[in-house]
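Here is how the chains run, residue by residue.
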There are 2 protein chains.
Amino acid sequence: MSLTLEAILEANRRYVESFGEKRNLSMPPARRFAILTCMDARLDPSKFAGLQEGDAHVVRNAGGRASEDAIRSLVISYKLLGTREWFVIHHTDCGMETFSDEIMRGLLAKSLDPAVLEADGWHDRGSGPGSSEAQYIDWLTIRNQEESVVEDVQRLRRHPLVPPWVPIRGFLYDVRSGALRPVTAADSVGMAK
Amino acid sequence: MSLTLEAILEANRRYVESFGEKRNLSMPPARRFAILTCMDARLDPSKFAGLQEGDAHVVRNAGGRASEDAIRSLVISYKLLGTREWFVIHHTDCGMETFSDEIMRGLLAKSLDPAVLEADGWHDRGSGPGSSEAQYIDWLTIRNQEESVVEDVQRLRRHPLVPPWVPIRGFLYDVRSGALRPVTAADSVGMAK
């Protein structure tokens, strides 16, 4: 067992001891909203937005982008579990600003080259296409923080599976202060009514 | 401004006041691991796994599934930001067990029918294909909790963009106790070496 895993399980044992009434929480989010934000380690949505267990759905990916998968999640959140308001939160100093699709493809082509892997003693990578797979992925990098928030709110508002009446607000989280700043330019885009 | 938004911003103001040394956190996760888990409101990974801000990447979607987008995020996490161990955590009483692709498509077809929307005063839904879009989405529902963990760990281990040496462990989180239980059946699948 890795030290990381041991530390997680030890922390979990302490959490279980104080779990108490949380055992009675029900599935639909009590405060009926969902947050879409970045996987960044510095972001803790429950702390920066004041969430208790049971309050709200939290969807996270690299960049907090409105990917197909984020849309799948948010539509389920609305349609099956009753959330009625969504918040898209990107942040300053995001890793997604530090590279391009080309850089990512180059990095992966080098480190996952089948010949390199085999020389290093790694076999049985299945029937996958190897590192060339990286060519087919849109890594959803970010060039401008504010624009990426506007784009993602816009994409959600205009998506055919998103009910036009769901309020969607955009924010930037400042990793140097912990503050949420509304991106007001996102408020007017793609309004249905 | 909605009451929900006001409450979030008020909680955020309190967080900012006590932000302190967190302003100095750096981008790469200090504890060099990533968690993939469900968006479920009852799950707070920072609490159930003992994470401080800056410790670990957290990727979340409906079900905690190893979707293309989760793989995009985890590959970025590994390759650009140095995580070296991944944890896939599904949970008991998951919303993704409560419906099927067919049910979801039916629900959306009914509520997003263009005629229904128009009668209700909603226009300008762009040029999207309307509710029929739901036919083309794999909603990644779950039939068996343990099997879905094994499947997702397996998918990650065998994916051509995932380095074969990344340890990936599977867990089920019990929403009635807060406990993490290792899914040992996921340990042996698709091991590269």
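Before any of the text, the structure's been laid out above.
Student: In this structure, what is going on with the pattern of salt bridges? I would like to understand it.
Tutor: A pair can form between side chains of opposite charge whenever their charged atoms are brought close. Scanning the model with the defined rule gives 32 salt bridges over all chains in all. Linked through salt bridges whose partners overlap, the residues forming this network are Asp-40, Arg-42, Asp-93 and Arg-176 of chain A.

Student: What is the right way to read the side chain of Asp-152 of chain A from this model?
Tutor: Residues and elements named next belong to chain A. Position of Asp-152 relative to the elements: it lies in helix H6 (residues 145-158). Within polar-contact distance, the side chain of Asp-152 engages the side chain of Arg-65 at 2.8 Å. A distance of 3.0 Å separates a polar atom in the side chain of Asp-152 from the backbone nitrogen of Ala-66. Ignoring any residue separated from it by four or fewer positions in sequence, one finds Asp-152 in contact with Gly-64, Arg-65, Ala-66, Val-88 and His-90.

Student: Please clarify how the packing of helix H3 (residues 68-79) of chain A against helix H4 (residues 101-111) of chain B should be interpreted in this entry.
Tutor: How two helices sit against one another is set out by the angle between their axes and by the gap between those axes. The N-to-C vectors of H3 of chain A and H4 of chain B enclose an angle of 75°; their axes lie 12 Å apart at closest approach. Comparing the axis directions of H3 of chain A and H4 of chain B gives the class roughly perpendicular. Between H3 of chain A, through Val-75, Ile-76 and Lys-79 of chain A, and H4 of chain B, the contact on the second element is made entirely by Met-104, Leu-107, Leu-108 and Ser-111 of chain B. Along the lines of polarity and charge, the residues of the contact of H3 of chain A with H4 of chain B split into five nonpolar, one polar and one charged.

Student: For this particular structure, what's the right way to read the relation of the copies chain B and chain A?
Tutor: Copy one and copy two of the chain differ by a rotation about a common axis and a shift along it. Laying chain B over chain A is done by rotating through 180° and shifting 0.0 Å along the axis; what remains is an RMSD of 0.0 Å. The superposition operator between the copies reduces to a two-fold rotation axis. When each C-alpha of chain B is compared by its distance to the rotation axis, Arg-60 of chain B comes out closest, at 2.3 Å. A share of 100% of interface residues in chain B that are also interface residues in chain A marks the association as one of identical surfaces.

Student: Looking at this structure, how should I read unusual backbone geometry?
Tutor: Note: most residues except glycine have negative phi, and most peptide bonds are trans. Residue and element names in this part refer to chain B. Positive phi values are uncommon outside glycine, yet Asp-93 reaches one of about 55°. With respect to the helices, strands and loops of the structure, Asp-93 is situated in the loop between strand S3 (86-91) and H4. Classification of Asp-93 as partly exposed rests on a relative accessible area of 30%. Here the phi dihedral of Leu-140 falls at roughly 55°; this positive angle occurs in a residue that is not glycine.

Student: I would appreciate a short explanation of the pairing of strand S3 (residues 86-91) of chain A in the present structure.
Tutor: Both faces of the sheet carry side chains from a regular strand, because those side chains alternate between them. All names here are of chain A. Burial analysis of S3 places six of its six residues in the buried class, the great majority of the element. Sheet analysis places strand S1 (residues 33-38) next to S3, joined by four bridges and oriented parallel. Bridge pairing in S3 places Thr-37 opposite Ile-89. With six bridges joining them, S3 and strand S4 (residues 168-173) adopt parallel strand pairing. The partner of His-90 across the bridge, within S4, is Leu-172.

The rules we used
- Residues numbered from 1 in each chain as written.
- Chains lettered and ligands numbered in written order.
- Predicted model: local features only at pLDDT ≥ 70, side-chain atom pairs only at ≥ 80, totals over all residues.
- Heavy atoms only, no water.
- Salt bridge = Lys/Arg side-chain N within 4 Å of Asp/Glu carboxyl O.
- Helix = DSSP H or I, 4+ residues; strand = E, 2+ residues; numbered from the N terminus.
- Polar contact = N/O pair within 3.5 Å; in protein donor to acceptor, adjacent residues only side chain to side chain.
- Contact = heavy atoms within 4.5 Å.
- Axes fitted to C-alpha atoms, helices over the stretch in contact; angles between N-to-C directions.
- Parallel < 35°, antiparallel > 145°, perpendicular 65-115°, else oblique.
- Nonpolar A, V, L, I, M, F, W, Y, C, P; charged D, E, K, R; others polar.
- Least-squares fit on C-alpha atoms with pLDDT ≥ 70 in both.
- Buried < 20%, exposed > 50% of the residue type's maximum accessible area, 1.4 Å probe, protein only.
- Pairing = 2+ DSSP bridges.

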